[in-house]
Amino acid sequence: MRAVDIIRKKRDGGELAASEIAFLIDGYCRGDVPDYQMSAFAMAVLFRGMTAEETAELTLAMARSGEQLDLSDIPGIKVDKHSTGGVGDKTTLVVAPLAAAAGVPVAKMSGRGLGHTGGTIDKLESIPGFRTELAPEAFFRQVREIGLAVAGQSGDLAPADKKLYALRDVTATVESIPLIASSVMSKKIASGADAIVLDVKTGGGAFMKTLEDAERLAEAMVAIGRLVGRNTAAVISDMDQPLGRAIGNALEVREAIAALRGEGPEDLTRLCLTLAAHMAVLGGKAASLDEAVPLLERKLASGEALEKFRAFVAAQGGDPAIVDEPDRLPAAPRRIPLAAERAGYVRRIDAEKLGLAAMVLGAGRAVKDAPIDHAVGVVLAVKLGDRVEAGEPLAELHAAGGGSAKAEALRLAAEAFELGGEPTASRPLILSVVTADGVRRTEA
C-alpha cells in the first residue's frame, strides 16, 4: 500500500477503504507520510468529499492515534457536550451542572480559546484556585462522586487531528465538512463518552456562516456518531449576536452563575435548557424533550444545579464562595462606556467584532499559548431589536488600561452596532435540530 495511490484514488473520486485511511493516518503520525502528501490528501477531500462511512473511519483512525479514555467504570450513560465556538458562549458552565443535577454523568474534556472565540478552560481558570489539569484517576473519581468533571484536553488525545488541523490551516483546506466533522468527533470519541450533544453555531460570529452549511456539518457529525456507536444529537443555534451579554472569561463565569440562579439572560437560559434536555434524553433520564425540559427547569428553580456547580468548583480546587460572592472573581480596573451616537433600534450586532474587541483587550489570544487577562471583556447593554436614545449605553468595555488596545477595542465595538429607524425581527435562537432521523427546523 502506498500513500500516493490512496491520494490518487480520492482525487479521482473513489471511496477509500478503512484500511487505506488507517494506513494514511498511522503513517502520518509516524512520519512515514510527509506533510506534502497529507496536504494533497486534504485538498482531494476538500474537492471530492467523503462518504459518511469514510468520514467515520477517518474519525476512528484519528481517535485511535493517541490516548482513549475508558469511562466504563463510571455508572450510567456518560454524555458529552461540544460547541463549535462562538462569542459569549459560556453554555458548558451552565449545561454541565444542570445535566449532572438531573443524574447525567458528565466527564468533559475542554479546550482553550483562540481568536475571537472563547474557551471553557480559560473561563474556569478565572475562578481563583480552579485546577483544569486532573490526573485520569482523579477525573474518573470526581465524576463517580459528584457526577461532573471538566478538565483540559490532553495533548495525547487524538494527536493525528492536531497534526492534520495545523496542516489544514496553512493549506486552505480548513473548510472541508468531512475534515471539520472528523476533527471534532475524533476528540469526543477519544474522550470516551457514550453519547454526544453538539451545539453547532451559525451566523456572523460563528465559523459556519450559513444555516445550510451548519446543517451539513451537523448531519456529518451525527452520522459519524451513528456509525461508531455513539448516540449523537446536534442543536443549531444562532450566533448573529453574542449569546447572553457578557464576553470575557470572569465576566462569563459571573453570568453563568446568574443563569444557574435563574437570573441569567433569557437566550442563554433557553439554549442551556435545550442542550441539557437533549443530554437528559440521551442519558436515559427522560423519555422525551417534553419530559426533560420541565425536569431541568425544576433543577434550576430548586437550586440543585447551582449547588452542583458549587460542588464542582470546590472539587477542582476553586473557591466555592464565588457562587454567593461573584465579586471574588477577577475584575478589570477600568470600565469604559460605549454610547449610542443617535437614537434608533438595534438592527445588527456583529458578534465577531465584539469578540475581537474582547480579544484586543486581552480576553482572548491572537496566537496559540499567548497569555490572557481573565478580568477584561465586553458587556452588552442592548440586544437585537432594543430601542436606544442618543447617549444611552450600547456596551461597556472592561479594560486593564488605556492606550492603543483600548482605542482599537472601542473602534471595533462601535462598528459592531448598527442602529435604524425601524426594528427588525431577529431570527430564532434555535434554528434546527439534527438527529439520526434527519434535520428538523424549529421556530424556538
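What this report covers is the structure whose coordinates are included nearby. (Residues numbered from 1 in each chain as written. Predicted model: local features only at pLDDT ≥ 70, side-chain atom pairs only at ≥ 80, totals over all residues. Heavy atoms only, no water.)

### Describing helix H14 (residues 304–315)
Between its first and last C-alpha atoms H14 spans 16 Å; for 12 residues at 1.5 Å apiece the expected length is 16 Å, and the two agree. Among the residues of H14, those classed as buried are Ala305, Leu306, Phe309, Phe312 and Val313. The buried side chains of H14 occupy one side of the element, clustering within an arc of 120° when seen end-on. If you follow the buried residues of H14, they end up packed against helix H5 (91–101), helix H6 (120–124), helix H7 (136–146), strand S3 (148–152), helix H11 (249–260) and helix H13 (289–301). Once H14 finishes, Gly317 follows within two positions and takes phi at roughly 85°, a positive value. (Helix = DSSP H or I, 4+ residues; strand = E, 2+ residues; numbered from the N terminus. Expected span 1.5 Å × (residues − 1). Buried < 20%, exposed > 50% of the residue type's maximum accessible area, 1.4 Å probe, protein only. Arc of directions from axis to C-beta. Contact = heavy atoms within 4.5 Å.)

### What to know about the environment of Thr84
Along the polypeptide, Thr84 turns up in the loop between strand S1 (79–83) and H5. Taking the C-alpha atoms as reference, Thr84 lies 32 Å from Ala339; in sequence the two are 255 residues apart. The contact partners of Thr84, leaving out residues within four places of it in the chain, are Asp199, Val200, Lys201, Leu217 and Met221. Only 2.9 Å separates the side chain of Thr84 from the backbone nitrogen of Lys201, close enough to count as a polar contact. (Polar contact = N/O pair within 3.5 Å; in protein donor to acceptor, adjacent residues only side chain to side chain.)

### As for the pattern of salt bridges
Counted under the stated rule, the structure contains 38 salt bridges. Here Lys201 ties to Asp89 by a salt bridge, and the two come within 3.9 Å at their closest N and O atoms. Placement of the pair is Lys201 in strand S4 (residues 195–202) and Asp89 in the loop between S1 and H5, with a sequence separation of 112 residues. Residues Lys201 and Asp89 agree in their burial class; the two are buried. Taking the shortest distance from any N to any O, the salt bridge between Asp238 and Arg427 comes out at 2.6 Å. (Salt bridge = Lys/Arg side-chain N within 4 Å of Asp/Glu carboxyl O.)

### What about the side chain of His82?
Inspection of the secondary structure assignment puts His82 in strand S1. Apart from residues no more than four positions distant in its own chain, His82 is found in contact with Lys108, Val184, Lys188, Val197, Leu198 and Asp199.

### Focus: the sheet that holds strand S12 (residues 417–420)
With antiparallel pairing, the 3 strands of this open sheet are ordered in space as S10-S8-S12. Of all the strands in the sheet, just strand S10 (387–388) and S12 have a single pairing partner and so form its edges. Pairing between strand S8 (residues 344–349) and S12: 4 bridges, direction antiparallel. From the neighbouring strand, Tyr345 faces S12, where its bridge partner is Gly420. (Pairing = 2+ DSSP bridges.)

### Observations regarding the packing of aromatic side chains
Counted according to the given criterion, the structure contains 3 aromatic pairs. Summarising the aromatic geometry, the rings of Phe130 and Phe312 are spaced 5.4 Å apart at their centres and angled 70° between planes, so their arrangement reads as edge-to-face. In this pair, Phe130 is assigned in the loop between H6 and H7 and Phe312 in helix H14, connecting sequence segments 182 residues apart. Summarising the burial analysis for this pair, Phe130 and Phe312 share the class buried. Among the aromatic residues, those joined into a ring-pair cluster are Phe130, Phe309 and Phe312. Sitting above the plane of the Tyr28 ring, Lys163 keeps its charged end 4.2 Å from the centroid. Lying over the aromatic face of Tyr345, Arg387 brings its terminal NZ or CZ to 5.2 Å of the ring centre. (Phe/Tyr/Trp six-rings, centres within 6.5 Å; stacked < 30°, edge-to-face > 60°. Lys NZ or Arg CZ within 6 Å of the ring centre and 35° of its normal.)

### Some words on helix H1 (residues 3–11)
Turning to H1, its buried residues are Ala3, Ile6, Ile7 and Lys10. The arc that holds every buried residue of H1, seen down its axis, measures 100°, which confines them to one face. Its buried side turned inward, H1 meets helix H2 (18–30), helix H3 (35–48) and helix H4 (52–63). Backbone geometry just downstream of H1 places Gly13 in the positive-phi region, at approximately 90°.

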